[in-house]
Amino acid sequence: MRATNLGAEILHRPSERNGSWRLLLPVAVSGPVALVDLEPGTAAAFRRSYPSAITVSADRAALVGVARGVCWDGRHWPLHDGALALLVADERRADPTALAAALRSGGRRAAIVPARRRHGTVPYPRADAVERLLRKGWPASTNAPGQWLRQRLAMSVLWRLSGRAGIAIEADGPGLVDDVVADLGAAVGSTAVLRGILVSGGHNVILRVALAHEEAALRLSLTELGIARVARERQVLADIDAALLASDLRAHMPRALAAGVTHGLAWRAEAWHQGHLSPGGGRWRTGGSPWEEAHEVARLLVATAPTGDAGPGWAHAWTRGMDQFGEVAAAVEAALLPVEEFRLRTSWCHGDFWPGNIVLGRGPAVVIDWEQGRAAAPAGLDSVFLELNRLAIGSRIPIGVAAARAVQEPGALAAPPSLGDIPWREADPALRAACVVAAVVVHALGPQGDHRGPKWAQENLLPLLSALAGRPS
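Parameters and conventions
Residues numbered from 1 in each chain as written. Predicted model: local features only at pLDDT ≥ 70, side-chain atom pairs only at ≥ 80, totals over all residues. Heavy atoms only, no water. Helix = DSSP H or I, 4+ residues; strand = E, 2+ residues; numbered from the N terminus. Rg over C-alpha atoms; globule rule 2.2 N^0.38 Å. Buried < 20%, exposed > 50% of the residue type's maximum accessible area, 1.4 Å probe, protein only. Contact = heavy atoms within 4.5 Å. Areas by Shrake-Rupley, 256 points an atom, 1.4 Å probe, with all protein chains shown as cover. Salt bridge = Lys/Arg side-chain N within 4 Å of Asp/Glu carboxyl O. Polar contact = N/O pair within 3.5 Å; in protein donor to acceptor, adjacent residues only side chain to side chain. Axes fitted to C-alpha atoms, helices over the stretch in contact; angles between N-to-C directions. Parallel < 35°, antiparallel > 145°, perpendicular 65-115°, else oblique. Nonpolar A, V, L, I, M, F, W, Y, C, P; charged D, E, K, R; others polar. Core = buried A, V, L, I, M, F, W, Y, C linked by side-chain atoms within 4.5 Å. Pairing = 2+ DSSP bridges. Patch = residues over 30% accessible without salt bridge, like charges linked within 9 Å, V, L, I, M, F, W, Y side chains within 5 Å. Left-handed = near helix turned anticlockwise from the far one by under 90°. Phe/Tyr/Trp six-rings, centres within 6.5 Å; stacked < 30°, edge-to-face > 60°. Lys NZ or Arg CZ within 6 Å of the ring centre and 35° of its normal.

Caption draft 1: Region of the structure containing the overall build of the protein. Scanning the protein from terminus to terminus reveals twelve helices and 18 strands. Against the globule reference of 23 Å for 473 residues, the protein gives a C-alpha radius of gyration of 24 Å, in line with a compact fold. Here the C-alpha coordinates of the protein stretch approximately 75 × 55 × 40 Å along the principal axes. In the protein, which comprises 473 residues, the share counted as buried stands at 53%. The contacts of the protein with a sequence gap of at least 6 include a subset with a gap of at least 24, amounting to 66%. As displayed, the protein offers around 20,600 Å² of accessible surface, 52% of which is attributable to carbon and sulfur atoms.

In structure tokens, the structure reads:
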């Protein structure tokens, strides 16, 4: 099958996650705002907060499609001196001396600066690929030794010598993030202090907030799609909770603290769970015990949140949305039919059950990010997806290639789960293959509004479909 059968290429805007540090600035500014020589995604993010901002760039291409844009030569300031209430610049590109007269008296300046210059916040790991915002006094967001050490180094003098960047804000003052934290404190009746900012794509950030007696993880939505995803996760968690036959699973689910809207941005706060939630490091070795802990949570979800069995039409419903990948959608749906034919038991599933969403700490393993949860999942789907990830991580291969191996080699999975009440090795090969495909479908569709595109399909769906065509009967 040729790549052209996967559909037309999707045009992606530059990532707006790089502008997450706009949360450190106020929501409203009483005067003109200029965005100077920012990377396009960063500028786009700031225009969300300041729709009337003037984008100033030495690169004409960065002004294409921008409503209010001005080109400049990098030396002669093109706007009136002393006119700006807020100046946001990338001073690795823009000469700060050329900007010296741009601000009015009392105006604020925010800039990405070379690490050797004085700065209060570190965009980690880089200003053009922000995953976290770090400050002195904020704790590391993970217990994983390698990540913990890198975050500590990012606040050391070694970082300043590395050629990295910092964020400098003058004069410092309250920003949007302070208003959100204050609203959380008011909602739970506690003091509230910001302890960290994690970036979750371009649509959400996670604020770590210290309350009087515990810490909270507050998910703040920055876009309409982010708001929809938060609402989706909230509904999934409520539906699963209502469906539970026993309370055991609740110890492994996030505990809600409060929800609200601040300056039009929706947020939801849960108890913070400190631990190791990534496939790197010793705890998630491919043969380590955390995999079994995770399997136990997956089995508990199947046992306590059943939804019936798969009947006629299940495969078509499960693949709704796969038409984004073109002609392969029909082949994927056909591969799922054995789930209907065997009337496999169904239950709620998490849908993205991999080490990055499983927090391992001192207490029970806690599973986060439930927005991809679905009812009517083949019993065992989360465990299948977990094992596909173990294979992909251990072999350093795409998830679709791992799925192809699982279809062709029954022994490829380290700890194959039961499918309903049928042990993996005793299940019909067509049923095993169908459950692998079902797990990949959930991953392919991703969170609401996500589009993985033709390249992802070529690397993942085509190997899987090829394996299905040649699998042993």
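Further notes follow.
Caption draft 2: Just the pattern of salt bridges, in detail. Taken as a whole, this structure holds 21 salt bridges when the rule is applied. Where R75 meets D73, a salt bridge forms, and the shortest distance between an N and an O atom there is 3.9 Å. In this structure R75 comes out as exposed when scored by relative accessible area, which is 59%. For D73, a relative accessible area of 41% puts it in the partly exposed group. The salt bridge partner of D421 is R345, with a shortest N-O separation of 3.2 Å. Residue D421 is found in the loop between α10 (399-408) and α11 (429-445), and its partner R345 is found in strand β15 (residues 345-349); the two are separated by 76 residues along the sequence. A relative accessible area of 65% places D421 in the exposed class. A relative accessible area of 31% means that R345 is categorised as partly exposed. Residues joined by salt bridges that share partners form a network here, namely R219, R229, E233 and E371.

Caption draft 3: Local environment of the environment of T304. Checked against the element boundaries, T304 lands in helix α6 (residues 290-304). With 77 residues separating them in the primary sequence, T304 and L381 have C-alpha atoms 15 Å apart. Among all residues touching T304, those that are not within four sequence positions of it are A243, L244, L245, A246 and L249. Reaching out from T304, the side chain makes a polar contact with the backbone oxygen of L300 at a distance of 2.6 Å.

Caption draft 4: Fine view of the packing of α10 against α11. Packing of α10 against α11 leaves a shortest axis separation of 9 Å and a crossing angle of 170°. In this view, α10 runs roughly antiparallel relative to α11, as classed from their interaxial angle. Contacts between α10 and α11 involve I399, A403, A406 and V407 from the former and A433, V436, V440 and H443 from the latter. Split by residue class, the contact of α10 with α11 holds seven nonpolar, one polar and no charged.

Caption draft 5: Region of the structure containing the nonpolar core. Residues W318, M322, L388 and V436 are the most contacted members of the largest nonpolar core, which totals 53 residues. Of all the secondary structure elements, the ones that give two or more residues to this core are α7 (314-318), α8 (328-341), α9 (381-395), α10, α11 and α12 (453-470). If you tally residues by element for this core, the top one is α11, at 13 residues. I167, V209, L220 and A269 belong to the second largest nonpolar core, which has 42 residues in total.

Caption draft 6: Representation of the sheet that holds strand β18 (residues 374-378). If you walk across this open sheet you meet the three strands as β14-β15-β18, and the pairing is antiparallel. Of all strands in the sheet, those bounded by a partner on one side alone are β14 (306-309) and β18. If you compare each strand with its neighbour and ignore which way they point, the axes differ by 40° on average. Lying over the sheet, α6 contacts β14 and β15, oriented at roughly 120° with respect to β15.

Caption draft 7: Region of the structure containing the side chain of S20. Tracing the sequence through the fold places S20 in the segment before β1 (33-36). For S20, a relative accessible area of 2% gives the class buried. When residues no more than four places from it in sequence are discounted, the contact partners of S20 are V130, L133, V199 and V205.

Caption draft 8: How the structure looks around a nonpolar patch on the surface. A surface patch of nonpolar side chains, amounting to about 620 Å² of accessible area, comprises W148, L149, L153, V157, L158 and L161. Among the secondary structure elements, those contributing two or more residues to the nonpolar patch are α2 (145-154) and α3 (157-160). With three residues, the top contributor of residues to the nonpolar patch is α2. Along the chain, W148 falls in helix α2.

Caption draft 9: Molecular detail of the packing of α9 against α10. It is the contact of α9 with α10, at a shortest axis distance of 9 Å, that shows an interaxial angle of 110°. The orientation of α9 with respect to α10, classified from their angle, is roughly perpendicular. Considering the relative orientation of α9 and α10, their crossing is right-handed. On the side of α9, the interface is formed by F385, L388, N389, L391, A392 and S395, while α10 contributes I399, A402, A403, R405 and A406. Per-class residue counts for the contact of α9 with α10 are eight nonpolar, two polar and one charged.

Caption draft 10: Just the packing of aromatic side chains, in detail. Inspection of every chain in the model, using the stated rule, returns five aromatic pairs. A ring pair is formed by W314 and W318, whose centres lie 5.2 Å apart and whose planes are at 20°; its orientation type is stacked. Of the two residues, W314 and W318 are both situated in helix α7; the distance of four residues between them amounts to about one turn of the helix. The residues W314 and W318 share a single accessibility class, namely buried. The residue whose ring lies beneath R374 is W318, and the NZ or CZ to ring-centre distance is 3.8 Å.

Caption draft 11: Just the sheet that holds strand β4 (residues 84-90), in detail. Here we have six strands laid out as an open sheet, ordered β3-β2-β1-β4-β5-β8, and mixed in their pairing. At either end of the open sheet lies a strand with only one pairing partner, and these are β3 (69-71) and β8 (165-170). Strand-to-strand twist in this sheet, taken as the mean axis angle between neighbours without regard to direction, amounts to 15°. Direction of pairing for β1 relative to strand β2 (residues 54-57): parallel, over a ladder of three bridges.

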